[in-house]
Every structure is written in C-alpha cells, then in structure tokens.
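Understanding the architecture of this molecule
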Amino acid sequence: MDRLDATQMEHVQSYLAVTGISDIDHAISALESVNFDLEKAVMAFLEEAPQGSSSQQAPPPDTSESDETSFFSIFSWPIRFIFSLMIKVLSVPGYYFSSYRTIDGGERSNGPLGVDHSFKEQFEQQYGPVHPPFLEIKYSQALDKAKQEIKTTLASPELVSFFAENDLLFWGGNVNYTEGYQVSVALQCSGFPFLALVSLRPRSSETGGYKMSVIDRLEGLATPEEIKRKISSQIARINPLLGALRFERAEQEASRSLREQQDQAYQQSLMADQEKARRLKEQKEKEAREKDRQNQELERNALNAKYRSLYVSMLKSKLPAEPEQAPGVSRFSIRLVNGQRFIRRFYGDQSVMDLYNYTETIIPADEWVPSTATSEAIQSLPDDYVHKFSFRLTSYPRLVFEPSLDSLKNVNNLWPGANLLVEPVDVE
C-alpha cells in the first residue's frame with residue numbers, strides 16, 4: 001500500500017466499491033495488470049462474473065445497518081451532499097429493441113456512450129421525454145464522478161425536482177445489455193425495477209479509509225412519494241456526518257490555501273531579496289571597476305607627467321640660444337594662462353615647432369603635473385613615446401597655429417612677429 005500514490009489509492013477504493021470485494025491485495029493486483037486503468041479493471045472483473053448462477057455472483061457492496069451510522073468520506077468540494085444515487089432501472093429481456101446484443105446473444109453496442117445512450121432512448125420511447133438527465137457514461141465512470149461531483153436525477157417531474165434540489169448523481173442501466181446486467185450481478189439485484197442509494201462509508205478500523213457502499217435499496221415498483229421519503233430519510237441521517245467531513249475538508253483546504261499563500265509570499269520575498277542582492281552586487285562590482293579605472297588613469301597620468309617632465313628637461317638642454325636683434329630675426333610675445341608674459345626672438349628660418357618647444361619649457365610644471373605624481377625619477381623615455389602638447393598657440397583675432405615644421409617667415413599672420421596666447425587643450 002505504501003508504494004501507491006494518492007491517485008492509485010483512489011482507484012483501489014473505487015474498484016473495491018464497484019466490485020463489492022474486500023480483498024485489497026486482489027484489487028491492487030487487478031489494477032496493476034491494466035496499469036491502474038479503473039474502467040478496464042472493473043470491466044474485466046464484471047466480464048469474469050458468471051451470468052447463469054447467482055450462487056457465484058460477486059458479493060454486493062456493504063449494506064449492513066451497523067455500518068450505516070459510520071462516517072462518510074467527503075470526496076468533492078464544494079458540493080452540498082457527498083453521496084450518490086445509483087439507480088438500476090432494469091426491465092424484462094425483450095422489453096426493448098432486439099438490434100443490440102443482449103445477455104442471450106444479441107449484438108453489443110461498441111459506441112462511446114454504450115448501453116447508457118440506448119437505455120435513455122428506450123426509456124423515452126416507453127415512458128416519454130420527462131425523466132431525469134441520465135448520465136451517458138459507463139457505470140464505473142458514474143461511480144467515480146459521484147465521488148467528485150455528486151449530482152443526480154431520476155424519473156418523474158416531481159423526482160427530477162427533488163434530485164435537483166438535493167444535488168444527487170444519477171446513473172441508469174438495462175439488464176438487456178452487458179454493462180447493466182453485470183452491474184446488477186455485482187449489486188445482487190433480485191427484483192426490478194431496482195434502485196440503490198450509494199455513498200462512501202468508512203472501512204474497518206484495521207484497513208482504514210473509505211469505500212462506496214449501498215446504504216439503501218428499492219426493488220420493484222414504487223411511487224415518487226415512496227422514493228422521495230426513503231431517500232429523504234437517508235439524506236437526513238447522513239447529512240450531519242457529511243457536514244462534519246465537509247467542515248474537516250474545508251479546514252484542510254483553508255490550511256492548504258494558507259500554506260500556498262505563505263509559500264507564494266515567501267517565494268516573492270526571496271526573489272525580492274535575491275534581486276536586491278544581485279543589484280547590490282552589480283553596483284559594488286561597477287564601483288570597483290570604476291575605482292580600478294580611475295586608479296589606472298591616475299597612474300597613467302602620473303607616469304605621463306614624469307615622461308613629460310623628462311621630455312621638457314631634454315628640450316631645455318637642447319634649446320638653441322636666443323639670437324640677437326638682426327635682419328631675419330623677429331620678436332614674439334607669448335602670454336601664458338596664468339597671465340605671465342614671455343618675449344623671445346626667433347630666426348625666420350626656425351619652424352613653428354621650435355616656437356612650441358620653447359613655449360613648453362616656460363609653462364610652470366604645476367599646470368600639467370598631477371598631484372598624485374610621485375617624486376620617483378624617470379631616467380629615459382620609452383621608445384614609443386610620442387610627446388603631445390597640452391596647449392595650442394593662438395592670436396587675436398583668433399587664429400590657431402598648429403605645431404609644424406613650416407618656417408616662421410612662411411606662415412601668414414605669424415611673421416614678422418606676433419602676440420600669441422597659450423590656450424590649454426585636453427591631452428588623451
């Protein structure tokens with residue numbers, strides 16, 4: 001039993017209820033042989049039941065009065081009454097059409113609705129269209145449906161209304177056809193028409209659980225009033241028990257719903273915390289990458305400042321002497337960003353680059369040396385070092401003179417002499 005899941009256990013209980021047997025091991029073995037297909041297992045059991053001797057008929061569902069006061073299992077929610085009304089309206093062979101196979105050798109119906117649909121048609125031909133809505137399904141399916149939906153009906157307008165008011169499940173069959181006859185054997189019908197009221201009832205204390213059992217039956221003709229009175233008395237008797245089971249089931253459902261809500265809230269809270277942690281981690285990683293980038297940039301700038309300092313020192317040592325005033329010599333005025341002004345003479349044959357080199361040597365070091373630069377000296381420049389000027393020379397009105405090897409005397413607006421301004425630019 002422990003190896004079965006909830007669905008398989010439900011099929012075992014249904015099989016025991018339909019067949020009327022009490023051997024659980026036999027039920028499990030029968031269901032396992034058809035891969036727990038309840039309908040196949042029930043039909044196989046009914047096919048094996050002898051049709052000629054009542055002494056070998058399958059035992060009926062439990063009908064003892066001592067068990068009728070036991071608790072019933074609630075098997076559908078939300079349903080007002082947890083029981084089912086199983087009606088066997090069974091008539092004399094030859095009562096209906098002979099085009100189908102009957103117990104004595106006629107043709108069987110193989111359609112999806114089987115004998116249930118033909119029973120309804122024959123009922124209407126015999127008694128008219130006023131009748132309860134018969135379930136056009138197999139008996140085993142109706143039994144299973146009773147445990148899940150619990151709705152029913154029977155015959156006359158008065159009973160139809162009665163069944164509708166009490167939410168009962170109704171099934172009908174004809175002994176002229178295979179399934180109706182086999183069900184009559186299982187229920188041990190001895191008179192017709194036959195009506196049985198079936199509901200869940202507790203098993204013995206040893207086995208536990210619940211099974212479908214006949215709690216009342218009517219054999220032979222009965223008036224709608226008699227049927228109503230008999231069923232009403234059973235309803236009144238079992239309602240308190242079913243109410244208690246309904247309440248227990250409602251509590252279980254409420255607890256399950258509460259757990260689901262708590263689980264959902266926990267999952268949402270967990271996802272929110274995980275998302276918060278993920279964002280915080282990403283933010284920290286981003287800040288760490290930005291800090292590394294800034295440190296690398298500071299180190300790069302500090303190193304470039306050292307290269308620049310060494311380059312300027314080399315420029316100063318190689319800078320040619322200032323020429324005396326003479327033909328071919330002109331004077332240039334250079335004004336720094338801090339307002340300082342330097343005047344120097346240059347040959348006309350000197351290049352614009354010479355003018356830039358000189359200006360580079362007069363710019364104060366604190367204008368381009370970063371505060372993070374260390375005092376560690378650089379002895380030589382790397383082979384791939386390319387010096388970039390951090391300024392450009394302009395005049396007023398604004399003209400920009402880019403560094404080049406052009407002679408000063410060949411540059412318009414620069415020769416002979418000019419007042420130049422140092423304009424800082426960013427160096428990447």
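All values reported here derive from a predicted model rather than from experimental measurement.

Below, the discussion takes up the overall build of the protein chain. When helices and strands are tallied, the protein chain shows nine helices and nine strands. Considering the protein chain as a whole, with its 428 residues, one finds that 40% of them fall into the buried category. Per element, the accessible surface of the protein chain, about 24,100 Å² overall, is 50% carbon and sulfur.

As summarised here, the arrangement of the five strands in space is β6-β5-β9-β7-β8, forming an open sheet in which the pairing is mixed. Only two strands of the sheet have a single neighbouring strand rather than two, namely β6 (341–347) and β8 (399–401). When the angles between neighbouring strand axes are averaged without regard to direction, this sheet yields 35°. Seen against the sheet, helix α9 (residues 352–362) touches β5 (329–335), β6, β7 (391–395), β8 and β9 (418–424) and runs at an angle of roughly 115° to β7.

In this section: the environment of H11. Along the chain, the position of H11 falls in helix α1 (residues 6–19). The class for H11 is buried, based on a relative accessible area of 19%. Residues H11 and A27, 16 residues apart in the sequence, show an inter-C-alpha distance of 9.1 Å.

The relative placement of two aromatic rings is captured by the distance of their centres and the angle of their planes. As enumerated under the stated definition, the model contains ten aromatic pairs in all. Consider the rings of Y307 and Y385, whose centres lie 5.7 Å apart with planes at 65°: the pair is edge-to-face. Taken together, the residues Y307 in helix α8 (residues 224–318) and Y385 in the loop between α9 and β7 connect sequence positions 78 residues apart. We classify Y307 as buried; its relative accessible area is 15%. Ring geometry for Y311 and Y385: centres 6.1 Å apart, planes at 50°, overall tilted. Here Y311, found in helix α8, pairs with Y385, found in the loop between α9 and β7; they are 74 residues apart in sequence, far enough to count as distant. We classify Y311 as partly exposed; its relative accessible area is 21%. A connected cluster of aromatic rings, assembled from ring pairs, spans F332, F346, Y358 and W415. It is R344 that lies over the ring of F346; its NZ or CZ is 5.1 Å from the centre.

Conventions used here
- Each chain has its residues counted from 1, running along the sequence as written.
- Since the coordinates come from a predicted model, pLDDT governs what is reported: local features require at least 70, and pairs of side-chain atoms require 80 or more to be given and counted, while whole-chain, interface and lining totals use all residues.
- Working from all heavy atoms in the structure, the side-chain values ignore hydrogens and water.
- Helical segments are the DSSP runs of H or I of at least four residues, strand segments are the runs of E of at least two, and each set is numbered from the N terminus.
- When accessible area is computed with a 1.4 Å probe and restricted to protein chains, residues below 20% of their type maximum are described as buried, those above 50% as exposed, and intermediate ones as partly exposed.
- Values of accessible area rely on a 1.4 Å probe in the Shrake-Rupley scheme; residue burial ignores everything except the protein chains shown.
- In short, DSSP must find at least two bridges between two strands for them to pair.
- Axis angles are defined between N-to-C directions and span 0 to 180 degrees, where every axis is a line fitted to C-alpha atoms and, for a helix, only to the segment in contact.
- Residues count as neighbours in contact if any of their non-hydrogen atoms are within 4.5 Å of one another.
- Note on aromatic contacts: the rings of Phe and Tyr and the six-membered ring of Trp form a pair at centre separations within 6.5 Å, being stacked when their planes are under 30 degrees apart, edge-to-face when over 60 apart, and tilted otherwise.
- By definition, being over a ring means that NZ of Lys or CZ of Arg is both within 6 Å of the ring centre and within 35 degrees of the ring normal.

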